[in-house]
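The residues making up each chain are set out below.
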Amino acid sequence: MSVLADKIRKSRESVVPAGDFKFTIRRPTDMDMVEFSRSLNPNDLVKFIVGWEGVKEIDLIPGGDGHPAVFDADACAEWLADRSDLFVPVVTAITDAYQAH
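**Q** Just give me the short version of the sheet that holds strand 2 (residues 21-26), but keep the residues and values in it.
**A** Spatial ordering of the open sheet is given by 1-2-3, a layout of 3 strands whose pairing is antiparallel. Looking at the sheet topology across the chains shown, the edges are occupied by strand 1 (13-18) and strand 3 (49-53). Shown here is a sheet whose adjacent strand axes are inclined to one another by a mean of 25°, direction ignored. Examined bridge by bridge, strand 2 and strand 3 share 4 bridges and lie antiparallel to one another. The residue bridging Phe23 from the neighbouring strand is Trp52, located in strand 3.

**Q** Requested: an account of the packing of aromatic side chains, with residues and values cited.
**A** Enumeration over the complete set of coordinates arrives at 5 aromatic pairs. Taking 5.3 Å as the distance between ring centres and 80° as the angle between the ring planes, the aromatic pair formed by Phe21 and Trp79 counts as edge-to-face. Of this pair, Phe21 sits in strand 2 while Trp79 sits in helix 4 (residues 73-80), placing them 58 residues apart in sequence. The pair formed by Phe21 and Trp79 is uniform in burial state, with each residue classed as buried. Between Phe23 and Trp79, the ring centres sit 6.2 Å apart and the planes meet at 35°, which makes this aromatic pair tilted. With Phe23 in strand 2 and Trp79 in helix 4, the pair connects residues that are 56 residues apart, well separated along the chain.

The rules we used
- One numbering rule holds for all chains: residues counted from 1, following each sequence as written.
- Restriction of local features to residues with pLDDT of at least 70 applies here, the model being predicted, together with a cutoff of 80 or more for giving and counting side-chain atom pairs; totals for whole chains, interfaces and linings are based on all residues.
- Heavy atoms from the whole structure form the basis of all side-chain values; hydrogens and water molecules are not counted.
- Pairing between two strands is assigned when DSSP locates at least 2 bridges connecting them.
- Runs of H or I in DSSP of at least four residues are treated as helices and runs of E of at least two as strands, each being numbered from the N terminus.
- Angles run from 0 to 180 degrees between N-to-C directions of axes, and those axes are lines fitted to C-alpha atoms, restricted for helices to the stretch in contact.
- Working definition: a ring pair exists when centres of Phe, Tyr or Trp rings (six-membered ring for Trp) sit within 6.5 Å. Plane angles under 30 degrees give stacked, over 60 give edge-to-face, the rest tilted.
- Buried residues are those whose accessible area, probed at 1.4 Å on protein chains only, stays under 20% of the maximum for their type, while exposed residues exceed 50% and partly exposed ones sit between those limits.

Here it is in structure tokens:
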């Protein structure tokens, strides 16, 4: 990946609080939204979550470790699929960021 492209992607990032956690989202591009408009499946927006803060393994799985969990996009998608209290505000923030742009 190019350093310049990484800077461009980074410039589209923001942090969204949801519950006791913070999620780093990346605003979708126009082309991303064209692709999304074909399915209108909110699960397709999860790929725009690129980080988290305050998440521990025990938040993800019962009996998990109490230490901070390193961000994992697959685990995040799986977890949020069963947590509408987090999924809805994060996905709303993603679409709001695009609309504001």
